[in-house]
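Examining the three-dimensional arrangement
Each chain is listed here by its residues.
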Amino acid sequence: MLGGDEFISPPPRKTVRFGGTLTDILMKYEKGETTDFELLKHQLSDPDIKDAQIINWLHEFRASVIYLTKEREQLVKVLLKLPWLRRSREVVEEYLGFLSNLVSAQTVHLRPCLQMIVSQFVPPRITIREDDVDISDSDDDDENLSENFNTCHRALQTVARYVPSTPQFLMPILVENFPFFNKSERTLECYVHNLLRVTVYLPTLRLQILELIIEKLLKLDVSTPQQDIEDAEENANNSDNEEKSTEEGLFDMEEDEERKGNKVVSSSSERMAHPLAERLDILMTILFSYIKDVCHVNGKLDISNTKDLYRDLVSVFDKLILPTHASCHVQYFMFYLCSFKLGLAEAFLDHLWKKLHDPNNASVIRQTAGSYIGSFLARAKFIPVVTVKACLDLLVNWIHKYIDNQDKGANVYCDVALHGPFYSTCQVVFYTLIFRHKQLLDGNLRKGLSYLQSLNFERIVMCQLNPLKICIPSVVNLFAAITRKYQLVFCYTIIERNNRQFLPVVRSGSGGDLVQTCTNPLDSFFPFDPYILKRSKKTIEPFYQFWEELSAEDLENLKKPIKEGTSEDEDDDFLKGETPQNDGVVGLAPNSYESNTRSPLSSIGSPPDCYVPYPQ
């Protein structure tokens, strides 16, 4: 009869079954006797293998790693497929010990070991049977998922501790295993989250991992145009409204009121209707959380960590974001990072400024850098007026020097191909003034007007390069109205002349001939146009300046120039009724993808392009 201790003790080693130890089996295999070897592989591949059996075998393998050479690769693959993660704590610890022994004694197996660990960075695959068809899907509801991921990172750290060259072998594997975007949202979320966790204990890989993630997000972003996202949301809202109207009367009034009073926001209300936008939203939320966690230690901003992360992200920005035209959301990682400290925002502006005025850079890069400067100055609440003025001084001085140099040359005519960076810089200045003019004039109108007059807009708009002809018409219209109101420059004569010279392009359409005008010859865009992804925009909104719709009174005021000879007190009284606080701006946020006669139906935060009538 078995005693209590004997009953709960692990089963005897299975060496008796094979007639010898693991070493004996491997030695026989070398001599060509494969029966026991194949039986061993079959035993290890058994899906019903018990924990105690796994522990016994791993114990023997740890003692015999010297024999697991390249020739035993087939056996090692079987061992790496063992279902060790979802086993008892004893199995997990024994397996981690086996991995450390294996990679330290036989580095030839390093890559398969890393591949095995990384493959566990996503939920396991399960088979679901629907309509007599087996469908493979990820097990998103696995309760032990978080614990399994923790164990995987322990395994990776263990391997890296024994093999210093782990990072260089790991990075290609991380790239190869990145899930396709048609995989489940949870799969993508888990993989990106785990990649970012790797950067914590393998900091040498941080730049490459961030580059990998942002490159994938960028592809997702540009393949999901903002208009498609807005259309999907509108269609979803229409469908919801139809369902609600159908259900009216099914519930009594008390129940309806109770539901409204609770104001419980269901998770479905935060879902994006567009499936790719939903994935992008989830991944951007993870990226923003990572940036915050790296930069803040115990709730306080860590300057050293933040500077290091800034350097990495600026490097990624230069390599991936700046050369990409018209991405909508991914570039906001720089916007968010810069919101932590004014010094970061100023460093980013300085970085963009160097790109813009360096003639060695390609023209398209210089123009895009200009678009980022203008959009950043207009939209970032955390940038004070003093920084805006410093940027305007730099930009306007460069414009005037450019005009000086062109006066001596033979190419003094309106040509985007020749003068693209010049026109882009002019548009940056116009756009910034539209958004920030009230802040520039706030507090002391006379002093503010004196500053704006010192910028000499008249020389810019009257020069032979004719920037008003090239810049987006919606920007030009508001700039003309604002500068006329404050008697800085009168643009309408030039605008009318440009309109008369402009020849529209006529193309045939299904409904007859359509007149198509080129309203964006610079092919410019505003990279910090409103952010529309529902979850992640909550991170951006506190720092973001939305467009304030112009009322009929505002439009009327823009047509009325201020009276000359007003006293300073009268100036202040004039401003009291219409100047918002520092985080409020008046101006136009034109949508760069639309003409100056229309805008998206559901553009969030951006106004429709506004036409201010010429003064009579």
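Residues numbered from 1 in each chain as written. Predicted model: local features only at pLDDT ≥ 70, side-chain atom pairs only at ≥ 80, totals over all residues. Heavy atoms only, no water.

Within an unreviewed UniProt entry, the label attached to the protein chain reads RRN3 homolog, RNA polymerase I transcription factor, and the organism entered is Amazona collaria.

1. Here we look at the overall build of the protein chain
The condition that has to hold: Only DSSP runs of H or I covering at least 4 residues are called helices, and only runs of E covering at least 2 are called strands; the numbering of each starts at the N terminus. For every residue, the accessible area obtained with a 1.4 Å probe (protein chains only) is divided by the maximum for its type, and the residue is called buried under 20%, exposed over 50%, and partly exposed between those limits.
Of the regular secondary structure elements, the protein chain holds 29 helices and six strands. Within the protein chain, buried positions represent 49% of all 616 residues.

2. Here we look at unusual backbone geometry
Even without being glycine, asparagine 456 reaches a positive phi, approximately 55°. With respect to the element layout, asparagine 456 can be found in the loop between helix H22 (445-454) and helix H23 (457-462). In the Ramachandran plot, glutamine 487 falls in the positive-phi region, its phi being about 50° despite a non-glycine side chain. Using a relative accessible area of 38% as the deciding quantity, one classes glutamine 487 as partly exposed.

3. Quick look at the side chain of arginine 206
Defined as follows: Only heavy atoms matter for contacts: two residues are in contact if any of them lie within 4.5 Å across the pair.
Assignment of secondary structure puts arginine 206 in helix H12 (residues 206-222). On the accessibility criterion, arginine 206 (14% relative accessible area) is buried. If we skip the residues at most four places from it in the chain, arginine 206 touches Thr199, Tyr290, Val294, Asp308, Leu309 and Asp312.

4. Examining the environment of aspartate 24
The topology assignment puts aspartate 24 in helix H3 (residues 22-30). Taking the C-alpha atoms as reference, aspartate 24 lies 9.5 Å from aspartate 36; in sequence the two are 12 residues apart.

5. What about the packing of aromatic side chains?
Put simply, the rule reads: A pair of aromatic rings is counted whenever rings of Phe, Tyr or Trp (Trp by its six-membered ring) have centres within 6.5 Å, and the orientation is called stacked for planes under 30 degrees apart, edge-to-face for over 60 and tilted otherwise. Should the NZ of a Lys or the CZ of an Arg lie within 6 Å of a ring centre and within 35 degrees of the ring normal, that charge is described as sitting over the ring.
Applying the stated criterion across every chain, the model contains 36 aromatic pairs. When the centroid spacing of 5.3 Å and the interplanar angle of 70° are considered together, the rings of phenylalanine 422 and tyrosine 423 count as edge-to-face. For the pair phenylalanine 422 and tyrosine 423, a shared accessibility class is recorded, and that class is buried. One residue, lysine 389, lies across the ring of tyrosine 451, its end atom 4.6 Å from the ring centre. Lying across the ring of tyrosine 486, lysine 485 places its NZ or CZ 5.7 Å from the centre.

6. Brief notes about the side chain of arginine 366
Convention followed: The positive count covers Lys and Arg only, the negative count covers Asp and Glu only, and His and the chain ends enter neither. By salt bridge we mean one thing: a side-chain nitrogen of Lys or Arg within 4 Å of a carboxyl oxygen of Asp or Glu.
Considering the arrangement of structural elements, one finds arginine 366 in helix H19 (residues 363-379). Buried charge without a partner: arginine 366 forms no salt bridge, and the closest opposite charge is aspartate 358, 6.8 Å away. Beyond its immediate stretch of four places on either side in the chain, arginine 366 contacts Lys355, Leu356, His357, Asp358, Pro359, Asn361, Trp398 and Pro421.

7. As for the confidence of the model for the protein chain
Rules: Here pLDDT means the predictor's own confidence in every residue, given as a number from 0 to 100.
In the predicted model, the protein chain carries a mean pLDDT of 80, and 74% of its residues have values of at least 70. Per-residue pLDDT stays below 50 along residues 1-19; that stretch engages in 20 contacts with residues further than four places along the chain or on separate chains. Counting contacts from residues 564-616, a segment whose pLDDT is below 50, to residues more than four positions away or on other chains yields 137 contacts.

8. Examining the nonpolar core
Here is the rule we go by: Nonpolar cores were defined as sets of buried Ala, Val, Leu, Ile, Met, Phe, Trp, Tyr and Cys residues, with membership established by side-chain atoms within 4.5 Å.
Formed by 174 residues in total, the largest nonpolar core has its most connected members in Phe61, Ile291, Phe333, Phe376, Phe422 and Phe430. With residues up to four places along the chain from it excluded, the contact list for phenylalanine 376 reads Phe335, Cys338, Ala345, Phe348, Leu349, Phe382, Ile383 and Phe528.

9. Concerning the pattern of salt bridges
Where charged atoms from two side chains of opposite charge come close, those side chains can pair. Counted by the stated rule, this structure contains 25 salt bridges. With a closest N to O distance of 2.7 Å, arginine 535 and glutamate 278 form a salt bridge. A residue pair is termed long-range when its members are at least 10 positions apart, and arginine 535 in the loop between strand S6 (512-516) and helix H27 (537-540) and glutamate 278 in helix H15 (residues 275-295) qualify at 257 residues. The exposure class of glutamate 278 is buried, given its relative accessible area of 1%. Two residues, aspartate 529 and arginine 379, come together in a salt bridge whose shortest N-O distance is 3.9 Å. Residue aspartate 529 is located in the loop between S6 and H27, and its partner arginine 379 is located in helix H19; the two are separated by 150 residues in the primary sequence. Among the charged side chains, a salt-bridge network with shared partners connects Glu185, Arg271, Glu278, Arg279, Asp281 and Arg535.

10. Considering the environment of proline 421
Position of proline 421 relative to the elements: it lies in helix H21 (residues 416-441). Other than its neighbours up to four places away in sequence, proline 421 contacts Leu356, Ser363, Arg366, Gln367 and Trp398.

11. What about helix H7 (residues 89-105)?
Counted only if it meets this: Under the convention used throughout, the expected extent of a helix is 1.5 Å for every residue step, that is, one less than its residue count.
A rise of 1.5 Å per residue sets the reference length of H7, with its 17 residues, at 24 Å; its end C-alpha atoms lie 24 Å apart and thus fit the reference within 8%. Val91, Val92, Glu94, Tyr95, Leu96, Gly97, Phe98, Leu99, Ser100, Leu102 and Val103 are the residues of H7 that are buried. Packing partners of the buried residues in H7 comprise helix H5 (51-63), helix H6 (73-80), helix H8 (110-118) and helix H9 (145-162).

12. Digging into the state of the cysteines
Going by this rule: Note on terminology: pairs of cysteine sulfur atoms within 2.5 Å are recorded as disulfides.
A complete count under the given rule lists zero disulfides for this structure. Note on cysteine 426: no disulfide assigned, nearest cysteine sulfur contributed by cysteine 471 at a separation of 5.9 Å.

13. Let's talk about the packing of H7 against H8
Inclusion rule: Interaxial angle, 0 to 180 degrees, is taken between N-to-C directions of lines fitted to C-alpha atoms, where a helix line uses only the stretch in contact. We call two directions roughly parallel when the angle between them is under 35 degrees, roughly antiparallel when it is over 145, roughly perpendicular when it lies between 65 and 115, and oblique otherwise. Throughout, a crossing is termed right-handed when the near helix is turned clockwise from the far one, and left-handed when it is turned anticlockwise from it by less than a right angle.
With their axes 10 Å apart at the nearest point, H7 and H8 run at an angle of 150° to one another. Between H7 and H8, the angle falls in the class roughly antiparallel. In the crossing of H7 with H8, the sense of the turn from one axis to the other is left-handed. Residues Tyr95, Leu99, Leu102 and Val103 of H7 touch H8, and the partners they reach there are Leu110, Cys113, Met116 and Ile117.

14. Here we look at helix H16 (residues 303-321)
How we decide: Here a polar contact is recorded for every N or O atom pair within 3.5 Å, except that within protein the pair must consist of a potential hydrogen donor and a potential acceptor, and residues adjacent in sequence are included only if both atoms are side-chain atoms.
Within H16, the full set of buried residues consists of Thr306, Leu309, Tyr310, Asp312, Leu313, Val314, Val316, Phe317, Leu320 and Ile321. In the core, the buried residues of H16 are packed alongside H12, H15, strand S4 (300-301), helix H17 (332-338), helix H18 (342-357) and H19. Here H16 starts with a cap whose side-chain oxygen sits 3.2 Å from the backbone nitrogen of serine 304, and that cap is aspartate 302.

15. Let's talk about the packing of H16 against H18
When two helices pack together, their arrangement is given by the angle between their axes and by how far apart the axes lie. Inclusion rule: Put simply, Ala, Val, Leu, Ile, Met, Phe, Trp, Tyr, Cys and Pro go in the nonpolar bin, Asp, Glu, Lys and Arg in the charged bin, and everything else, Gly too, in the polar bin.
It is the contact of H16 with H18, at a shortest axis distance of 12 Å, that shows an interaxial angle of 30°. Here H16 is positioned roughly parallel relative to H18, judged by the angle of their axes. Note that H16 runs across H18; the crossing there is right-handed. Judged by residue contacts, Thr306, Tyr310, Val314, Phe317 and Asp318 of H16 engage Leu344, Ala347, Phe348, His351, Leu352 and Lys355 from H18. Across the contact of H16 with H18, the residue classes break down as seven nonpolar, two polar and two charged.

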